[in-house]
Amino acid sequence: MGTGIAALLGLVGLSSAFALVALVLAAWMAWRIVEKAGLPGWTGLGAVLLTLTAVGTIVPLVLLWIFAFMRWPRDAAAVTRAAAAPAGSGPAAGTARAPAAPSALPPPPKALADARGWTLTGKLADGAAVSLSFDASSSAWMLTGAPAAQPTDLSVPDPSVGWPHARLMVAGARLGLADLGSAGGTLIDGARLLPEHGPRDITSVRTIRLGGVELTLSRL
Amino acid sequence: MPDTFYYVLSWFLGIGSFVLLMLLIGHIFIALFLIIPTWRICVRAGFAGAWSLLHLIPMIGSFIVMAILAFGDWPNGEATPDSG
């Protein structure tokens, strides 16, 4: 009888020890994950520690879904950085840590600056043609369905285009595009671009689609 | 005796199989609630979404996925602590 009770207590103790180790490990990893997304680490720690309370695992599960689908500060910082970056600066500058770039390669040969601009041409849903030109005179251009209010606004007057819809970023001879979360969506050569993807290089892209409007990209 | 024995045995086997099946379905059901958001987190981090299927491994699967996300370098970039 006594042996049985001792074995039972030992089993309970062992299980508790494992549970404690698992909890500490999960809290630590959750801290690191949310920090990498740009959120304070204590939010991940707190979400895991909530399993100790009466709310059980429901609230942490809800928080996991929110974390998966919310806008991460990491992505917002990347978009802001890309928009504010001066011409010619690389994507690795700024606060977010980009994948390590090879450092042993020699610098690229210097070439004359390419001053040509770009043009976006296409047809709206009502059949009207749209042609938008832009160049490196501004580092950021806004694609919007609204009438152009700023010199850097590129108006695509179609109901499926958001107000604003996407941001074009010019850095020297390179061109970037960031979706701003409009309901119509953005496609690059048929591939979906989401806001959390951040800015993408579209220098060699042929077509971009804003909502229901397909635009062909070409150099002037 | 044999008839009663086999009768009871069949009952136990039947109930046992049912309980195991229910546990399996319950596990997959709960895992789905973890797999869907984890898939998206993995993709946003730059990993293959299929890593989230590790949730299907009982007990340790979730820890493996968390360890990959917590200690692996995110291919899509990470926020540094000072970026808020």
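Each residue is numbered by its place in its chain's sequence as written, counting from 1. For naming, the first written chain is A and the first written ligand is 1, with later ones following in the order written. Under the rules for a predicted model, residues below a pLDDT of 70 receive no local features and side-chain atom pairs below 80 are neither given nor counted, while totals for whole chains, interfaces and linings still include all residues. With hydrogens and water excluded, all non-hydrogen atoms of the structure serve as input to the side-chain values.

Attention now moves to the confidence of the model for chain A. Summing up the model confidence of chain A, the mean pLDDT is 82 and the portion of residues at 70 or higher is 83%. pLDDT measures how confident the predictor is about each residue, on a scale from 0 to 100. Two residues qualify as a contact provided that any one of their heavy atoms is within 4.5 Å of a heavy atom in the partner residue. Scored below 50 in pLDDT, residues 87–95 of chain A makes 13 contacts in the model with residues more than four places away or belonging to other chains.

Here the focus is the interface of chain B and chain A. With 26 residues of chain B in contact, the opposing surface of chain A contributes 29 residues. When two components associate, each loses some accessible surface as probed by a 1.4 Å sphere; the sum of these losses over both components is called the buried area. Counting the surface lost from both chain B and chain A, the interface buries some 2,700 Å², and carbon and sulfur atoms represent 66% of this. Considering only the surface of chain B that becomes buried against chain A, Arg40(B), Arg44(B) and Glu78(B) emerge as the three largest contributors, covering 25% of it. Any Lys or Arg side-chain nitrogen found within 4 Å of a carboxyl oxygen on Asp or Glu counts as a salt bridge. On the surface where chain B and chain A come into contact, there are 3 salt bridges. Residues Lys36(A) and Glu78(B) are paired through a salt bridge, measuring 3.5 Å at the closest nitrogen-oxygen approach. Within 3.5 Å is the distance limit for a polar contact, defined as a pair of N or O atoms, with the added protein rule that one can donate a hydrogen and the other accept it, and that residues adjacent in sequence qualify only through two side-chain atoms. Summed over the shared surface of chain B and chain A, the result is 13 residue pairs in polar contact (both at pLDDT 80 or more). Put simply, the parts of the chain that give the side of chain B that touches chain A at least two residues each are helix H1 (2–45), helix H2 (61–71) and strand S1 (78–79) of chain B. Among the elements that take part in the side of chain B that touches chain A, H1(B) stands out by supplying 9 residues, more than any other. For this classification, Asp, Glu, Lys and Arg are treated as charged, while Ala, Val, Leu, Ile, Met, Phe, Trp, Tyr, Cys and Pro are nonpolar and the rest, including Gly, are polar. The class makeup of the residues in the side of chain B that touches chain A is 15 nonpolar, 7 polar and 4 charged. Numbering of helices and strands runs from the N terminus, with a helix taken as a DSSP run of H or I at least four residues long and a strand as a DSSP run of E at least two residues long.

Residues and elements named next belong to chain A. Read from one edge to the other, the open sheet built from 6 strands follows the order S3-S2-S12-S11-S8-S9, with strand pairing classed as antiparallel. Single-partner strands in this sheet number two, and they are strand S3 (129–134) and strand S9 (191–193). Each strand of the sheet is rotated relative to its neighbour by a mean of 25°, with strand direction disregarded. For two strands to pair, DSSP has to find at least two bridges joining them. Both strand S8 (residues 186–188) and strand S11 (residues 207–210) contribute to a ladder of 3 bridges, which runs antiparallel. Considered in S11, the bridge of Ile-188 is made with Ile-208. Angles here are taken between N-to-C directions and fall from 0 to 180 degrees, while the axes themselves are lines fitted to C-alpha atoms, restricted in helices to the stretch in contact.

Moving on: the packing of H1(B) against H2(B). Residue and element names in this part refer to chain B. Contact pair H1 / H2: the axes reach a minimum separation of 11 Å and the direction vectors enclose 20°. In terms of their interaxial angle, H1 and H2 are classed as roughly parallel. The way H1 lies across H2 gives a crossing that is left-handed. Here Leu-34, Thr-38, Ile-41, Cys-42 and Ala-45 of H1 lie close against H2, whose contacting residues are Ser-62, Val-65 and Leu-69. Classifying every residue of the contact of H1 with H2 gives 6 nonpolar, 2 polar and no charged. Relative orientations are named as follows: roughly parallel for angles under 35 degrees, roughly antiparallel for angles over 145 degrees, roughly perpendicular for angles from 65 to 115 degrees, and oblique for any other angle. Crossings are sorted by hand: turned counterclockwise from the far helix by less than a right angle, the near helix makes the crossing left-handed, and turned clockwise it makes it right-handed.

Moving on to the side chain of His55(B). All names here are of chain B. The topology assignment puts His-55 in the loop between H1 and H2. A distance of 3.0 Å separates polar atoms of two side chains, one belonging to His-55 and the other to Ser-62. When near neighbours in sequence (up to four residues on either side) are disregarded, His-55 contacts His-27, Ala-31, Leu-34, Ile-35, Thr-38, Gly-61, Ser-62 and Val-65.

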